[in-house]
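# Overview (structure and organization)
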Amino acid sequence: MKISVIIPVFNHAEALAECLRSLERQTFQDFETIIVDDGSTVPVILNEVKDLPRSEILRSAQNDVQLTRFEKNKGAPAARNEGFRRSKGEFVIFLDADAVLRPDALECMLGALKTHPEADFAYPSFRFGWKTFQGRPFDENALQSSNYIHTSALIRREAFPGFDESLKKFQDWDLFLTMAERGSRGVWIDEILFTLKRHGTMSNWLPRVAYRIPWPVFGWTPNTIKGYRAAERVIREKYGLSPTGDAASAFSRSVLGGSDRKARAAAGSVGWFGLILLIESLSAVAVFNPAASSICAVIAGLAMFVVAFFRPEIGFAAVVAEHVIGSKGRQFALGADASHDGGVSLRIILFASFFAGWFAHLLKARRIPDLRRMVRGRTAWFALAGFVFLGVVQGWMHRNPFLIADANAWGAFLLLIPALDLAQHQFDVLRRNVMKAAKIAIAWVSAKTLALFYFFSHDFGAVWEPVYVWVRRTGVGEVTRIIRDASAFRVFFQSHVYQVLATVGLTTHLVSRKAHVSNDLLKGLAILFAVILISFSRSFWIGLMVAFFFVGIIVLRRKTWSVLPKIALSAAGGLLIVFALFMFPFPPSAGSLGDVILARADAGESAAQSRWELLPVLNAEIAGSPLIGYGFGKTATYRSSDPRVVAATGGEYTTYAFEWGWHDMALKIGLLGVIAYLWAIASLLRRLGPERRAWQIAILTLGTIHIFTPYLNHPLGIMALVLAEALTVGRRQADVLA
């Protein structure tokens, strides 16, 4: 079935007959019709609708009619969502019961979406009684000021987010604001394709001038105006839009040249940037002063508790941002020694403070998380949790000395509980804040990486050492010279994995949606490619190769060849950025960057050789207890070619943290635990669905990287899975799309 036509009806059965007749006259006939009786006082019976026999309704062989009924009136949004649940079409359109379509209406709207594959919905002008409502080309800024799109738009099924059932008015405005926020765009058809009856199902219309009269001056406001203003205020507060005509609105339009929403978004971005800048600046002092580090850690924890108590979605966004900028999460530490070792890290403090604040928020709201809904479809995670628990028990029984240090990272999975709870109750607010914080944090890490690469590849004298100490003590990353004859340094952050995932997401989005490629997007991709190159991580490079294999499959299927040269241009731009930073003449650099890249790609290089030397040792250890492993904290000893290890021990190295991620898991929780993890990931990929293809490929990329570098047993990788799980709630928000 190509199109699903969904018609909610409440006490307007007499108008339905003409609507159905107009559907019968459609030039495009591959559609189904779903009528939802929203608890009408007199139930709707098809063969009694205005003497229209059921045989006539079903006369078209290619379409079908379904009728379902609510015992009690639930409102149009609930009726439309119920109709969507029962629908099967690739496209959906929601009609009012009194809508009369032009014979070619469905054909015109479907043709518009075929002509504009980048659009997710097509909307026409329409007539309400004698009044013509002329549409306009899609403009998100204009949409944030007032609605100009009627509910009866043809929408791609995968783009439909569901109606907000709590709204009594402006459900159409809310729908299209939500879709615009998620990246959907519309295409306007400059023709009148349907007519609505006056005093029918559409809200009463008043001339625009009626809403501009300063009624409070006269001491009285019509109830219609009062209701309109109250409903409008609900929408504006939900999306962070300034009230019509206020100073903030005027400022954003006249000075910033954009919408209220964009002005507030810009202000929010500046806030996140300022917060990250403050943390990084203070950490540059704190790593040399344990007392200052402890004070900053305590203040950060208290601040997180307050934020999580009043605005848990912002608190969660801050936790995400810390993962992106922190790698190991040690910008501050409570009780660290003079070398910034030991103590309680900032990440653990923020983790505990967020949970405390969120829990206090629940107590204040007298709300209990809907655990039954959280569990639905997520059985695999409980299987994995069982093996993790078994790994802890085994580690304790074997008295593994590194049990806590090894197992504590898995505690990051506890963030699934607040993430799912917040997504279930305020998905769009959570998504808006998390995406904003993550984007600013990724941009910050990218800029910091480029700056550090330039700094360490040139001779800055005495300043070099304290900067190096700052990077190392905060646990953000590694700065190492690759070959002796070149001054180019490898600047590797563990959190660069988010740069990889962002690159995968952007490229997948571009080739999937035939999206317009702006210059800003090309520049952003170029910077991401530059950072990934500067990380000199072979694991990242292999992960990207796998990702681009799947991207290539999408290109073959969707024939989006035109996007590939632009992506290649961004990759070339990234390479040029790296060469420009290295070759900049002040202060001078030395050697050849090309030699550095070739040396890093050499599989026989010492670090790579050490990794391969570890592999047979791990295989032998796993063979001793293949099914359930040895528990967390299990160590292994092997010969390493790393010059640092050779200098310290002669080459023998014992550790509990291994480069081979899946092998590490098999050693600790057994092959059964690995199978449980793969089951959980497969279940997540299925629930993300094709509309989240970018996330699916990103997770497959993360799994590939985990083969060589452990991430799926580290908070950074686990956080990516937590965010993906929260997105599955958005895909079926309030079970609308279940």
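This text goes with the structure placed above it.
So, here is what we can say about the structure in this document. Just so you know, these numbers come straight off a predicted model, no measurement behind them.

Moving on to the packing of helix 13 (residues 346-365) against helix 17 (residues 416-456). Direction vectors running N to C along helix 13 and helix 17 enclose 40 degrees, while the axes themselves pass 11 Å from each other. As judged from the angle between their axes, helix 13 and helix 17 are oblique. Handedness of the helix 13/helix 17 crossing: left-handed. Between helix 13, through Phe354, Phe355, Trp358 and Leu362, and helix 17, the contact on the second element is made entirely by Ile417, Pro418, Asp421 and Leu422. In terms of residue class, the contact of helix 13 with helix 17 is built from seven nonpolar, no polar and one charged.

This brings us to the packing of aromatic side chains. Across all of its chains, the model carries 44 aromatic pairs by this definition. Where Phe413 meets Tyr677, the ring centres are 6.1 Å apart and the plane angle is 65 degrees; that geometry is what we call edge-to-face. One end of the pair, Phe413, is in the loop between helix 16 (403-407) and helix 17; the other, Tyr677, is in helix 26 (residues 661-688), with 264 residues separating them in the sequence. These aromatic residues form a ring-pair network of at least three members: Tyr454, Phe455, Phe456, Phe460, Trp464, Tyr468, Phe489 and Phe584. Geometry around Phe492 places Arg490 over its ring, the cationic atom sitting 4.5 Å from the centre. Lying across the ring of Tyr630, Lys634 places its NZ or CZ 4.6 Å from the centre.

Packing of helix 12 (residues 312-326) against helix 13 leaves a shortest axis separation of 10 Å and a crossing angle of 170 degrees. One element, helix 12, and the other, helix 13, form an angle in the roughly antiparallel class. Touching Pro312, Gly315, Phe316, Val319, Glu322, His323 and Gly326 of helix 12 are Leu346, Arg347, Leu350, Phe354, Trp358 and His361, all from helix 13. Taken together, the residues of the contact of helix 12 with helix 13 break down into seven nonpolar, four polar and two charged.

We now examine the nonpolar core. Core analysis: the largest hydrophobic core is formed by 141 residues, its most contacted members being Phe316, Phe354 and Tyr677. Sorting elements by how many residues they give to this core places helix 17 first, with 20 residues. Apart from residues no more than four positions distant in its own chain, Phe316 is found in contact with Phe354, Leu415, Ala419, Leu422, Leu430, Val434, Met719, Val722 and Leu723.

The rules behind each value
Residues numbered from 1 in each chain as written. Predicted model: local features only at pLDDT ≥ 70, side-chain atom pairs only at ≥ 80, totals over all residues. Heavy atoms only, no water. Axes fitted to C-alpha atoms, helices over the stretch in contact; angles between N-to-C directions. Helix = DSSP H or I, 4+ residues; strand = E, 2+ residues; numbered from the N terminus. Parallel < 35°, antiparallel > 145°, perpendicular 65-115°, else oblique. Left-handed = near helix turned anticlockwise from the far one by under 90°. Contact = heavy atoms within 4.5 Å. Nonpolar A, V, L, I, M, F, W, Y, C, P; charged D, E, K, R; others polar. Phe/Tyr/Trp six-rings, centres within 6.5 Å; stacked < 30°, edge-to-face > 60°. Lys NZ or Arg CZ within 6 Å of the ring centre and 35° of its normal. Core = buried A, V, L, I, M, F, W, Y, C linked by side-chain atoms within 4.5 Å. Buried < 20%, exposed > 50% of the residue type's maximum accessible area, 1.4 Å probe, protein only.

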